[in-house]
2 protein chains.
Amino acid sequence: MRAALQDREPGGGRIRQQQEAAILEAAERVFARGGFQGATMVDIAQEAGLSKSNVHYYFGTKADIYRAVLANILRLWLAETDRITPGADPREALSHYIRAKMRLTAERPEASRVFANEVLHGAPEIGDFLRGTLRRLVAEKAAVIEGWIERGRIAAVDPVHLFISLWALTQTYADFEVQVCALLGRPALGGADYRRATAHVLNLLLRGCGLDGGVVSEDVRKEMPDA
Amino acid sequence: MRAALQDREPGGGRIRQQQEAAILEAAERVFARGGFQGATMVDIAQEAGLSKSNVHYYFGTKADIYRAVLANILRLWLAETDRITPGADPREALSHYIRAKMRLTAERPEASRVFANEVLHGAPEIGDFLRGTLRRLVAEKAAVIEGWIERGRIAAVDPVHLFISLWALTQTYADFEVQVCALLGRPALGGADYRRATAHVLNLLLRGCGLDGGVVSEDVRKEMPDA
DNA sequence: TAAAAACCTGACCAAATAGTCAGGATTCAG
DNA sequence: CTGAATCCTGACTATTTGGTCAGGTTTTTA
């Protein structure tokens with residue numbers, strides 16, 4: 001069994017900090033384009049404005065970079081579920097989480113794609129994370145939602161499937177962006193598109209939980225500035 | 001601009017038919033595992049029980065195999081929207097399509113993964129298909145749904161986003177199978193899991209269209225045999 | 001059954017690519 | 001200012017891999 005994915009400790013000099021950040025940022029783009037196999041060290045180096053050897057100086061192997069990129073993404077993913085607590089208002093808590101997830105998708109589509117690619121191909125690196133940390137987190141939040149259901153605050157929905165749906169509905173706008181663009185007849189997704197998508201997803205999920213009453217599109221406009 | 005993706009004409013002798021089929025079946029599995037880049041000709045050959053040279057005898061290049069696999073998948077994808085017509089009962093028509101999509105996902109998860117990988121990486125092969133045939137089809141069906149909305153038969157939903165949601169919700173069970181398994185604590189998804197997922201997705205989407213009244217799980221059980 | 005067509009193989013090649021390394025350039029601590 | 005640490009480079013290597021080809025084997029056809 002593979003060692004757990006963990007963040008690199010941020011030691012090293014000024015230059016190291018800067019270059020590693022540049023490499024990780026470049027690598028995220030490159031991995032998003034072609035996956036692990038499709039990315040070459042030369043691509044990453046060029047995208048970061050460095051020589052291939054120099055990239056190897058900071059990160060021993062391509063796999064090291066890949067793991068570091070994934071670790072960054074997972075950190076991003078894990079936040080945002082805080083408001084889902086037994087005492088919270090279901091409508092408010094769910095709306096907040098959905099909006100947060102959608103905003104993340106709009107702002108970091110590449111991160112979403114790297115993650116999608118990893119999971120699509122069997123999660124060789126983050127399998128343990130999925131079966132460990134993530135599973136525990138979801139079980140915990142699912143219990144909260146079960147509580148809401150028992151107290152009649154929302155309709156009966158399988159909470160785990162609800163999370164699966166929520167992620168599918170939001171991330172699809174990043175992962176399948178070309179397809180979405182094709183169907184909407186757009187060259188790329190802009191702020192307006194994401195606002196509309198957010199309203200749609202909110203409607204679908206809230207109604208699915210028996211929390212009807214459409215979302216006023218005003219609500220969405222406020223917190224999603226043009227991309 | 002690249003030539004349109006088209007089916008191979010099924011000429012050739014008895015042996016050719018058989019071997020090509022074997023290669024395409026094997027290739028779908030291999031491409032599903034690692035994407036285009038991650039698949040090697042040796043992998044495909046081994047999976048098909050042939051020598052690498054022999055695979056090259058039937059298909060000139062790896063890209064040829066890939067395109068043929070995609071063409072097969074697209075053919076599969078395109079069917080099933082027939083019942084979405086102006087005169088149809090929205091509930092019946094949507095249920096039927098959702099169930100069909102879910103069944104396809106359960107039965108051909110590898111096909112779904114190959115498609116997902118292709119789109120995830122910018123749809124270099126099927127971009128034209130997405131912007132052409134698929135867009136036209138969706139526009140046509142969207143018009144039907146707009147009609148339903150105008151006549152007050154279902155709630156106001158953006159039809160194109162509805163299709164995007166529908167595909168995201170169903171295909172996620174194949175594309176992110178490892179993650180779903182991790183969350184459900186299962187080694188693999190079986191018939192029971194897919195039945196539960198189908199009921200969940202049906203509920204979510206039908207309610208989202210204002211067609212409430214939960215789906216009786218009995219309905220689902222009938223048409224999805226154990227995998 | 002014999003010629004032709006279709007099928008199959010192993011050896012080979014060229015390109016791509018991850019990773020190494022010796023040594024030079026720059027930066028930094030004292 | 002100087003020595004040490006850090007940073008950077010270009011040339012090189014080993015391996016993987018898609019694709020070719022000459023020639024052998026099997027199947028089909030007439």
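Residues numbered from 1 in each chain as written. Chains lettered and ligands numbered in written order. Predicted model: local features only at pLDDT ≥ 70, side-chain atom pairs only at ≥ 80, totals over all residues. Heavy atoms only, no water.

**Looking at the domain arrangement of chain A**
Residue and element names in this part refer to chain A. This is how the line gets drawn: An automatic or database domain assignment is the source of the domain bounds shown. As used here, buried area is the combined drop in accessible area, with a 1.4 Å probe, of two parts when they are placed together. In the sections that follow, a salt bridge refers to a side-chain nitrogen of Lys or Arg positioned within 4 Å of a carboxyl oxygen of Asp or Glu. Any pair of nitrogen or oxygen atoms within 3.5 Å is treated as a polar contact; in protein, a donor-acceptor pairing is required on top of that, and neighbouring residues in sequence qualify only through side-chain atoms on both sides. We count a stretch as a helix when DSSP gives it H or I for four or more residues in a row; a strand needs E for two or more, and each element gets its number in order from the N terminus. For this classification, Asp, Glu, Lys and Arg are treated as charged, while Ala, Val, Leu, Ile, Met, Phe, Trp, Tyr, Cys and Pro are nonpolar and the rest, including Gly, are polar.
Annotation of chain A at the domain level lists domain 1 (2-66) and domain 2 (80-220). Computed over C-alpha atoms only, the centres of domain 1 and domain 2 are separated by 29 Å. At the boundary of domain 1 with domain 2, total buried surface from both sides reaches about 940 Å², with 55% on carbon and sulfur atoms. Connecting domain 1 to domain 2 are one salt bridge. The interface formed by domain 1 and domain 2 includes two residue pairs in polar contact (both at pLDDT 80 or more). The biggest single contributor to the side of domain 1 that touches domain 2 is helix α1 (residues 14-38), with six residues. Taken together, the residues of the side of domain 1 that touches domain 2 sort by class into five nonpolar, one polar and three charged.

**Digging into the side chain of B:Asp175**
Note the cut-off: Here the term buried applies to any residue with accessible area under 20% of the maximum for its type, exposed to any over 50%, and partly exposed to those in between, with areas from a 1.4 Å probe on protein chains only. Only four residue types enter the charge count: Lys and Arg as positive, Asp and Glu as negative, with His and the chain ends excluded. Residue contacts are defined here by distance: any two heavy atoms, one from each residue, within 4.5 Å place the two residues in contact.
Locating B:Asp175 in the fold gives a position in helix α8 (residues 159-175). Although B:Asp175 lies buried, it forms no salt bridge, and the closest oppositely charged side chain, B:Arg113, sits 5.5 Å away as judged by the N-O distance. Reaching out from B:Asp175, the side chain makes a polar contact with the side chain of B:Ser112 at a distance of 2.8 Å. The residues touching B:Asp175, leaving out its near neighbours within four places in the chain, are A:Val119, A:Leu120, A:Phe176, B:Ser112, B:Arg113 and B:Ala116.

**Comments concerning helix α9 (residues 177-184) of chain A**
The periodicity of an α-helix, 3.6 residues per turn, causes residues three or four positions apart to be oriented the same way. Within α9(A), six of the eight residues are buried, leaving the element largely enclosed by the surrounding structure. Along α9(A), the residues that are buried comprise A:Glu177, A:Gln179, A:Val180, A:Cys181, A:Ala182 and A:Leu183. Those residues of α9(A) that are buried are in contact with α6 (109-120) and α8 (159-175) of chain A together with α6 (109-120), α7 (127-150) and α8 of chain B. A:Gly185 occupies a position one or two residues after α9(A) and carries a positive phi of about 65°.

**Digging into the protein's contact with DNA strand C**
The criterion, for reference: Here a residue is near a molecule or strand as soon as one of its heavy atoms is found within 4 Å of it.
Taken together, 17 residues are adjacent to DNA strand C, and A:Lys52, A:Lys62, B:Ser51, B:Ser53 and B:Tyr58 come closest. Each atom of DNA strand C within 4 Å of the protein belongs either to a base or to sugar and phosphate, the latter forming 56%. The backbone of A:Met41 places a nitrogen or oxygen atom 2.9 Å from a phosphate oxygen of DNA strand C. Within the contact set of DNA strand C, a phosphate oxygen lies 3.3 Å away from a side-chain nitrogen or oxygen of B:Arg16. Contributions of two or more residues to the surface near DNA strand C are made by α3 (52-58) of chain A together with α1 (14-38) and α3 (52-58) of chain B.

**Concerning the relation of the copies chain A and chain B**
The line we're drawing: Least-squares superposition aligns the copies on the C-alpha atoms of those residues with pLDDT at or above 70 in both.
Of the transformation superimposing chain A on chain B, the axial component is 0.0 Å and the angular component is 180°, with the fit at an RMSD of 0.0 Å. The two molecules are tied by a two-fold rotation axis, judged by turn and shift. Comparing interface residues between copies, 100% of those in chain A also sit at the interface in chain B, which points to an isologous, same-surface contact.

**Concerning the interface of chain A and chain B**
Taken together, the contact between chain A and chain B spans 50 residues of the former and 50 residues of the latter. Carbon and sulfur atoms make up 68% of the surface buried where chain A meets chain B, a total of about 4,500 Å² over both sides. Considering only the side of chain A, the residues that lose the most area to chain B are A:Leu120, A:His161 and A:Leu183, jointly responsible for 16% of the buried surface there. Applying the counting criterion to the chain A and chain B interface returns two salt bridges. A salt bridge links A:Arg196 to B:Asp158, with the shortest nitrogen-to-oxygen separation between them at 2.7 Å. At the boundary of chain A with chain B, the tally comes to 12 residue pairs in polar contact (both at pLDDT 80 or more). When residues of the side of chain A that touches chain B are traced back to their parent elements, those giving at least two are α1, α6, α7 (127-150), α8, α9 and α10 (191-208) of chain A. Broken down by element, the residue count for the side of chain A that touches chain B peaks at 11 residues, all from α8(A). Looking at the side of chain A that touches chain B, its residues break down into 27 nonpolar, 15 polar and eight charged.

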